[in-house]
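Summary of structural features
The residues making up each chain are set out below.
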Amino acid sequence: MDDFNDEELVGLALQLVGDVLFFSSSEDSEDDDHDFELAVPFVTAKNTIPRMENYVEKIVPQFDDGQFKSHFRMLPETFEFILKIISPKLVRKKPGCPTIEPNKQLLLAIWKMATPDSYRATALKCVRRVVNALEILAPAFIAWPNEERSMVIRNGFFATSNFPNVLGAIDGTHINIPAPHDHPESYVNRKGHHSIQLQAVCDHQCKFIHCYAGNVGSVHDQRVFRLSDLNEDIHYPTKFPNNSHIIGDAAYTLHEHLLVPYRDNGHLTEKQKNFNFCHSSARMAIERSFGLLKGRFRSLLTTLAMERVDLIPKYIIACCVLHNICLLKNDDFPSTVELVPEAVQDHDQVGGSVAVNRLGVIKRDDICERLSIRNV
């Protein structure tokens, strides 16, 4: 992403939005109110909450940068950058009643992502439009690094962990949801919660370079990996220039381009323990990434109150796009969220040639021997 300036990114993003507009005309139908149906509390005439009038027109303009960010999880200039990109997708393309102004739709959607609050029908339509527009932008803002960028990432990981040639750190996280109507048992994860999974790879700056969402909570991390594009990409050396690799925990299977720690059988050598220590130091980037994502967009931290489980992956990816845009604009968010790494299950063996796994063993042992000792 460092290869483009703001104007080039906006141009690329607008092109992506324009390319898919004609595919989504049916999605703009106002009859599809249930697309992002959330749990909306029942309100009677006796407990109706008075509406705040002209909040966007009168209140929001009075916010300073800090106040705006505390409400909407980003600086005003970041908001304007995003609005410029997605506003064409937030305007009605069919005859009918005019839609809410794009800036209001985006503010409402960000508020929804940042809080576990529930909304009524009109608001849900706004959230849907924004989510659809942001998902279209995913290839522009969540992209595998080119050779030049990969060098920056490798140097970044090495500077903080001493672990060489790391292109990214991979892991999965669970987004808790209400029990679905169909086959709820398949969504139950190891902690007994119903959830949808997000698999992600991040760089040294906690930006996502790969995101894959949608598997049910009961599916093992390694199977999620097999179902993702990474399962194919990992076999292409061009995706891993200069013999680079991603790193993951022991839930994944060792590969030449996916290095996992040595299993602690009680007999690890000093160098193997040092390898695991440096490996873990580099891998913490993905835990920080998830912490930043869920700290900024807290609807992902609690229970995401959405009924349509088939549409939840779009929502998750949209939050990931916003996460990357905020980091791209140096719009940090001080998160107090401390995510505990998921417990590693005994991973099942994946299909693949023994030769490829042997290359992973050789590569890991070679790095282990060469690493300077940090954990004594």
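Refer to the structure printed above.
My aim in this report is to walk through the structure given alongside it, one point at a time. (Residues numbered from 1 in each chain as written. Predicted model: local features only at pLDDT ≥ 70, side-chain atom pairs only at ≥ 80, totals over all residues. Heavy atoms only, no water.)

Now for the packing of helix α4 (residues 76–86) against helix α5 (residues 102–114). Two quantities define a packed helix pair, namely the angle between the axes and the distance from one axis to the other. In the contact formed by α4 and α5, the axes pass within 10 Å of each other and the chain directions differ by 120°. As far as their axial angle goes, α5 and α4 are oblique. Considering the relative orientation of α4 and α5, their crossing is right-handed. Residue-level inspection shows Phe79, Ile82, Leu83 and Ile86 of α4 in contact with α5, the latter providing Pro102, Asn103, Leu106, Leu107 and Ile110. (Axes fitted to C-alpha atoms, helices over the stretch in contact; angles between N-to-C directions. Helix = DSSP H or I, 4+ residues; strand = E, 2+ residues; numbered from the N terminus. Parallel < 35°, antiparallel > 145°, perpendicular 65-115°, else oblique. Left-handed = near helix turned anticlockwise from the far one by under 90°. Contact = heavy atoms within 4.5 Å.)

Moving on, we come to the sheet that holds strand β5 (residues 258–259). With mixed pairing, 5 strands are arranged side by side in an open sheet as β3-β2-β1-β4-β5. Of all the strands in the sheet, the pair left with one neighbour each is β3 (208–216) and β5. As judged from the 6 bridges shared by strand β2 (residues 195–202) and β3, these two strands associate in the antiparallel manner. By the bridge assignment for β3, Gln199 is matched with Tyr212. (Pairing = 2+ DSSP bridges.)

Applying the stated criterion to the full structure yields 8 salt bridges. The shortest N-O distance in the salt bridge between Glu57 and Lys104 comes to 2.6 Å. Residue Glu57 is found in helix α2 (residues 55–59), and its partner Lys104 is found in helix α5; the two are separated by 47 residues along the sequence. Assessed through its relative accessible area of 41%, Glu57 is described here as partly exposed. With a shortest N-O distance of 2.9 Å, Arg149 and Asp203 are connected by a salt bridge. Here Arg149 is found in helix α8 (residues 147–161), whereas its partner Asp203 is found in the loop between β2 and β3, with 54 residues between them in sequence. Exposure class is identical for Arg149 and Asp203. Each is buried. (Salt bridge = Lys/Arg side-chain N within 4 Å of Asp/Glu carboxyl O. Buried < 20%, exposed > 50% of the residue type's maximum accessible area, 1.4 Å probe, protein only.)

All right, on to helix α11 (residues 270–296) then. Its 27 residues place the ends of α11 39 Å apart at the C-alpha level, agreeing with the 39 Å of an ideal helix rising 1.5 Å per residue. Helix geometry: α11 is bent most strongly at Ala282, by close to 30°. (Expected span 1.5 Å × (residues − 1). Bend = angle between axes of the 7 residues up to and from the residue.)

Attention now goes to the packing of aromatic side chains. Evaluated as defined, the whole model comprises 10 aromatic pairs. Measuring from ring centre to ring centre gives 5.2 Å for Tyr262 and Phe275, while their planes differ by 75°; the resulting arrangement is edge-to-face. Of this pair, Tyr262 sits in the loop between β5 and α11 while Phe275 is found in helix α11, placing the two residues 13 residues apart along the sequence. On the accessibility criterion, Tyr262 (10% relative accessible area) is buried. Residue Phe275 is classed as buried on the basis of its relative accessible area of 0%. An aromatic cluster of at least three residues, connected via ring pairs, comprises Phe68, Phe72, Phe79 and Trp111. Against the face of Phe81 rests Lys329, its NZ or CZ located 4.5 Å from the ring centre. Across from the ring centre of Tyr262, 4.2 Å away, lies the NZ or CZ of Arg364, which sits over that ring. (Phe/Tyr/Trp six-rings, centres within 6.5 Å; stacked < 30°, edge-to-face > 60°. Lys NZ or Arg CZ within 6 Å of the ring centre and 35° of its normal.)

Here the focus is unusual backbone geometry. Negative phi values dominate among residues other than glycine, just as trans dominates among peptide bonds. A positive phi is found at Arg73, a non-glycine position, where the angle reads about 65°. Structurally, Arg73 is set in the loop between α3 (65–72) and α4. The exposure class of Arg73 is buried, given its relative accessible area of 11%. Phi at Asn242 takes a positive value of approximately 60°, unusual for a residue other than glycine. Take Asn242: it is sitting in the loop between α10 (230–233) and β4 (245–247). Looking at Asn242, the relative accessible area reads 45%, which means it is partly exposed.

The next thing to look at is the nonpolar core. One finds Ile86, Leu134, Phe163 and Phe208 to be the most contacted residues of the largest nonpolar core, which totals 89 residues. For this core, the element with the highest residue contribution is helix α12 (residues 312–328), accounting for 12 residues. If we ignore the near neighbours within four places in the chain, the residues touching Ile86 are Leu106, Val130, Ala133, Leu134 and Leu137. (Core = buried A, V, L, I, M, F, W, Y, C linked by side-chain atoms within 4.5 Å.)

Our next topic: the environment of Ala305. Relative to the helices and strands, Ala305 is located in the loop between α11 and α12. With 127 residues separating them along the chain, Ala305 and Pro178 place their C-alpha atoms 6.5 Å apart.

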